[in-house]
Amino acid sequence: MISVEEAIRRILEQIPRLGKERWPIPQSLGRVLAEDIIASRNIPPWNNSAMDGYAVRWEDIREASGKKPVELKVLADLPAGHVFKGGVGLGEAVRIMTGAPLPRGADTVVQVEDTEKSGPRVRILASLEKGKNIRLAGEDVQVGERILEEGTVIQPAHIGMLASLQRSFVSVYQCPRVAVLSTGDELLEIDDPWQEGKIVNSNSYTLAAQIADCGGHPLQLGIARDHPEDLSEKIQQGLVADLLVTSGGVSVGEYDLVKGMLKDLGKMNFWKVAMRPGQPLAFGMVFGKPLFGLPGNPVSAMVSFEQFVRPSILQMSGHRKLFRPTLKAVLREDIAKKADLTYFLRCRLMAKEGKTYATTTGEQGSGMLSSMVKAQGLIVLSREKSLVRAGEEVNVILLDPTLSYTSSPSYLSPSGPE
Ligand code: AMP
Ligand code: MG
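Residues numbered from 1 in each chain as written. Chains lettered and ligands numbered in written order. Predicted model: local features only at pLDDT ≥ 70, side-chain atom pairs only at ≥ 80, totals over all residues. Heavy atoms only, no water.

## Here's the deal with the overall build of the chain
Piece 1. Per the secondary structure count, the chain includes eight helices and 28 strands.
Piece 2. The C-alpha radius of gyration of the chain comes to 32 Å, more than 25% above the 22 Å expected for a compact globule of 418 residues.
Piece 3. Seen through its principal axes, the chain has C-alpha atoms that stretch 100 × 50 × 40 Å.
Piece 4. When contacts within the chain are restricted to residue pairs at least 6 apart in sequence, long-range pairs at least 24 apart make up 71% of them.
Piece 5. Accessible area for the chain stands at about 21100 Å²; split by element, carbon and sulfur atoms hold 52% of it.
Piece 6. The average position of the 49 basic charges and that of the 49 acidic charges among the side chains of the chain differ by 5 Å. (Helix = DSSP H or I, 4+ residues; strand = E, 2+ residues; numbered from the N terminus. Rg over C-alpha atoms; globule rule 2.2 N^0.38 Å. Contact = heavy atoms within 4.5 Å. Areas by Shrake-Rupley, 256 points an atom, 1.4 Å probe, with all protein chains shown as cover. Lys, Arg positive; Asp, Glu negative; His and termini not counted. Charge placed at Lys NZ, Arg CZ, Asp CG, Glu CD.)

What follows is the structure, given as structure tokens:
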């Protein structure tokens, strides 16, 4: 048996990063940038006013006050978006709005509150530091600066920055199309009439959702019956995808044909991974495409996907950080386990007085999808342990990213976050 860490290492070693593609920036949200972005110009492009007021020469107004106002001649009214072609000389001012380019000769802006209009002239009622109320060219971004790095996961501010630099398209890594195939004679399609002895193929739905949840594009191949020809045909249809995921047929049952089939089609490893749930796992290449053969039990399929397929999809899409956040939680019950297997137990989490507590969702059978429905996280119990006691601290993989959200802005309350 190989360890979970070893399985992850062997898999990721073989998972390629996909190629690049160009997207309009609004569609690039959440994607991984495939190029460095170098600023093609200064932002702001020119010195401009940070206030509504008057652009002046500082030496004129350095001694201005309410008692001793300084009067200047107003040459023009300059709204944002317009340029004053002339210059500001001694004894002169230009009325200027926020964002308008600073006229030549002016070096300071007096905000309108410190002035008084008087016909074609303005009285300056206060002195201020030289250079005040001016945004300097390039103070936000300098031309030539590397403003975004390849590998960045694109967020709204990045898109705004790209727009400021007039980059309407950007290069990002492709996200994989992932073919999903469920195997088994016992499976019904979701809308098929109910039949005794059959169960609904739920795995195709859970897996497709897990794929989409990490940015992949699921491609449904439906159900392959437990016959070699059917399986082989469906898998070959799946080769249009970048990655294939099957469920069922990888354990030791008589009808577990996936194994035999895959041996013929490509280079396949069949591992017993030292974990529960999800011990059997097939991984390898069919015609150059990675394939994961996950176990059929719904919880095993989901947990194996979490450990092995999700990081693979993220790696293919250009991500460098492939694993979900974990936190430390205090266990609230004793758990006996088999030594030599890493356990992933479905749990609920509770925060109290600065500590997080974890309780299992109850029955942990690998066929019980309800345990995943209730789960906010997966308690990870390491291989070597055989008994973990209530009160011990354990690692928990956070499955629900909204878990630490709050219903009101708790950062504004005196007692701090919940
Ligand atoms: P297998 O790994 O093929 O032996 O499947 C193990 C068990 O998982 C089966 O007995 C089914 O109860 C269940 N199972 C297999 N495939 C699916 C599926 N696509 N959807 C829901 N349950 C499944
Ligand atoms: Mg089966």
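## Details of the nonpolar core
Piece 1. The biggest cluster of nonpolar side chains holds 38 residues, and the ones touching the most others in it are Val-273, Phe-292 and Phe-308.
Piece 2. Elements supplying a minimum of two residues to this core: α1 (4-14), β13 (177-183), α4 (203-213), β17 (243-247), β20 (280-286), β21 (289-294) and α7 (298-316).
Piece 3. If one sorts the elements of this core by residue count, α7 sits on top with nine residues.
Piece 4. Mapping this core onto the domain boundaries places at least three of its residues in each of domain 1 (4-16 + 175-316) and domain 4 (326-398).
Piece 5. With sequence-adjacent residues up to four places away left out, Phe-292 is seen in contact with Ile-11, Ile-15, Leu-243, Leu-244, Val-245, Thr-246, Ala-282, Phe-283, Phe-308, Val-309 and Ser-312.
Piece 6. Counting residues in each nonpolar core, the second largest holds 18 residues, with Ala-224, Ile-235, Ala-241 and Ala-282 among its members. (Core = buried A, V, L, I, M, F, W, Y, C linked by side-chain atoms within 4.5 Å. Buried < 20%, exposed > 50% of the residue type's maximum accessible area, 1.4 Å probe, protein only. Domains from an automatic or database assignment.)

## Overview of the sheet that holds strand β4 (residues 53-56)
Two modes of strand pairing occur in sheets, parallel and antiparallel, and in both the strands are linked by backbone hydrogen bonds.
Piece 1. Sheet architecture is open: six strands sit in the order β7-β4-β6-β5-β9-β8, paired in mixed fashion. Strands with a single pairing partner mark the edges of an open sheet, and in this sheet they are β7 (108-111) and β8 (115-118). Neighbour to neighbour, the strand axes of the sheet diverge by 40° on average, direction disregarded.
Piece 2. Sheet analysis places β8 next to strand β9 (residues 121-124), joined by four bridges and oriented antiparallel. Paired with Lys-117 across the bridge in β9 is Val-122. (Pairing = 2+ DSSP bridges. Axes fitted to C-alpha atoms, helices over the stretch in contact; angles between N-to-C directions.)

## Let's talk about the site of ligand 1
Piece 1. Every one of the 15 residues lining ligand 1 counts as a neighbour, but Asn-201, Asn-203, Gly-249, Gly-296 and Asn-297 are closest to it.
Piece 2. At 3.2 Å from a nitrogen atom of ligand 1 is found a main-chain nitrogen or oxygen belonging to Ser-202.
Piece 3. Separating a nitrogen atom of ligand 1 from a backbone N or O atom of Asn-203 is a distance of 3.2 Å.
Piece 4. In isolation ligand 1 offers 480 Å² of accessible surface; the protein chains occlude 75% of this area.
Piece 5. Taken together, the residues that form the shell around ligand 1 break down as four nonpolar, 10 polar and one charged. (Near = heavy atom within 4 Å. Polar contact = N/O pair within 3.5 Å; in protein donor to acceptor, adjacent residues only side chain to side chain. Nonpolar A, V, L, I, M, F, W, Y, C, P; charged D, E, K, R; others polar.)

## Observations regarding a nonpolar patch on the surface
Piece 1. A contiguous nonpolar patch, built from Ile-190, Trp-194, Val-200 and Tyr-205 and spanning about 460 Å² of accessible area, is present on the exposed surface.
Piece 2. If you trace the backbone, Ile-190 turns up in the loop between β14 (187-188) and β15 (199-200).
Piece 3. Residue class for Ile-190 comes out partly exposed when judged on its relative accessible area of 47%. (Patch = residues over 30% accessible without salt bridge, like charges linked within 9 Å, V, L, I, M, F, W, Y side chains within 5 Å. Salt bridge = Lys/Arg side-chain N within 4 Å of Asp/Glu carboxyl O.)

## What about the domain arrangement of the chain?
Frequently, the measure chosen for interface size is the accessible area removed from exposure when the parts meet.
Piece 1. Once the domains are mapped, the chain shows domain 1 (4-16 + 175-316), domain 2 (21-40 + 143-173), domain 3 (48-135) and domain 4 (326-398).
Piece 2. In this structure, domain 3 and domain 4 have C-alpha centres spaced 66 Å apart.

## Points about the environment of Met-268
Piece 1. In this fold, Met-268 is placed in strand β18 (residues 266-272).
Piece 2. A relative accessible area of 12% places Met-268 in the buried class.
Piece 3. Put simply, Met-268 and Phe-283 are 15 residues apart on the chain and 5.8 Å apart in space, counted from C-alpha to C-alpha.
Piece 4. Contacts of Met-268, omitting those with residues within four sequence positions, involve Leu-262, Ala-282, Phe-283, Gly-284, Met-285, Val-286 and Leu-291.

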